[in-house]
Amino acid sequence: MTEFKDDAGQEFPTEFVATSLTGSIAVRTTEQGLPLGIKLDQDQLRRDPAALAAEILRLCKQSANRAGLARRTQLREAGFTSEMLAMTGLPTEQEVARQEIIEEQEYETEPQSWLRSV
């Protein structure tokens, strides 16, 4: 993970990673959630392309939310007040947790078919 130092000498990562629940998909993104790299297990290539793309997009958004939370923490430690932090629009810990719980409930962990290739 690449990092840079701000004016106060604090390090902040420039790349973030989010992984699917099964660990079979991982995305490496910028702080804004733009993908820099994608890792897929071979079996993921057999999935419906639209479902795979949706999962990759979900992970990019998750990565951006976690990066926003990390940035919010960095700003709080740098002395930003609650009011200033609210004006940044960065997600709170509760917002990130709530979104991840919702996504986990919607995430399909069951296989599309019990048939498997032999």
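Here's a quick rundown of the structure. These figures come from a predicted structure and were not determined experimentally.

**A word on the packing of helix H1 (residues 49-77) against helix H3 (residues 93-106)**
For step 1, the next point in the chain: Two numbers describe how H1 lies on H3: the axes approach to 9 Å, and their chain directions differ by 160°. Considered as vectors, H1 and H3 are oriented roughly antiparallel to each other. Crossing hand, H1 versus H3: left-handed. Two secondary-structure elements touch here, H1 through Arg-58, Gln-62, Asn-65, Arg-66 and Leu-69 and H3 through Glu-93, Val-96, Gln-99, Glu-100 and Glu-103.
For step 2, the next point in the chain: Class assignment of the residues belonging to the contact of H1 with H3 gives a composition of 2 nonpolar, 3 polar and 5 charged.

**Section: the sheet that holds strand E4 (residues 25-29)**
For step 1, the next point in the chain: Within the open sheet, the 3 strands sit side by side as E3-E4-E5. Their pairing is antiparallel. Looking at the sheet topology across the chains shown, the edges are occupied by strand E3 (16-19) and strand E5 (35-40). The average undirected angle you get between the axes of adjacent strands in this sheet is 15°.
For step 2, the next point in the chain: Pairing of E4 with E5, which is carried by 5 bridges, proceeds in the antiparallel orientation. Counterpart to Thr-29 in the pairing with E5 is Pro-35.

**Section: the nonpolar core**
For step 1, the next point in the chain: Core analysis: the largest hydrophobic core is formed by 7 residues, namely Ala-18, Ile-25, Val-27, Leu-52, Ile-56, Leu-59 and Cys-60.
For step 2, the next point in the chain: Looking at this core, the element that brings in the most residues is H1, giving 4 residues.
For step 3, the next point in the chain: Other than its neighbours up to four places away in sequence, Val-27 contacts Phe-16, Val-17, Ala-18, Gly-37, Ile-38, Ile-56, Leu-59 and Cys-60.

**Observations concerning the environment of Glu-100**
For step 1, the next point in the chain: On the secondary structure map, Glu-100 appears in helix H3.
For step 2, the next point in the chain: Each C-alpha atom, one on Glu-100 and one on Arg-58, is 9.9 Å from the other, the two residues being 42 residues apart in sequence.
For step 3, the next point in the chain: Apart from the residues lying within four places of it in its own chain, the contact partners of Glu-100 are Gln-62 and Arg-66.

**Overview of the pairing of E3**
For step 1, the next point in the chain: The alternating pattern of E3 places Phe-16 and Ala-18 on a buried face, while none of Val-17 and Thr-19, on the opposite face, is buried.
For step 2, the next point in the chain: Where E3 meets E4, 4 bridges bridge the pair, whose relative direction is antiparallel. Within E4, the residue paired with Ala-18 across the bridge is Val-27.
For step 3, the next point in the chain: Following E3, the chain reverses through 5 residues before pairing antiparallel with E4; Gly-23 in that reversal takes a positive phi of roughly 80°.

**A closer look at H1**
For step 1, the next point in the chain: Here H1 contains 29 residues, and its C-alpha end-to-end distance of 42 Å stays within 8% of the 42 Å for a straight helix at 1.5 Å per residue.
For step 2, the next point in the chain: Directly after H1, the chain includes Gly-79, whose backbone phi takes a positive value near 110°.

Criteria and thresholds
- Residues numbered from 1 in each chain as written.
- Predicted model: local features only at pLDDT ≥ 70, side-chain atom pairs only at ≥ 80, totals over all residues.
- Heavy atoms only, no water.
- Axes fitted to C-alpha atoms, helices over the stretch in contact; angles between N-to-C directions.
- Helix = DSSP H or I, 4+ residues; strand = E, 2+ residues; numbered from the N terminus.
- Parallel < 35°, antiparallel > 145°, perpendicular 65-115°, else oblique.
- Left-handed = near helix turned anticlockwise from the far one by under 90°.
- Contact = heavy atoms within 4.5 Å.
- Nonpolar A, V, L, I, M, F, W, Y, C, P; charged D, E, K, R; others polar.
- Pairing = 2+ DSSP bridges.
- Core = buried A, V, L, I, M, F, W, Y, C linked by side-chain atoms within 4.5 Å.
- Buried < 20%, exposed > 50% of the residue type's maximum accessible area, 1.4 Å probe, protein only.
- Expected span 1.5 Å × (residues − 1).

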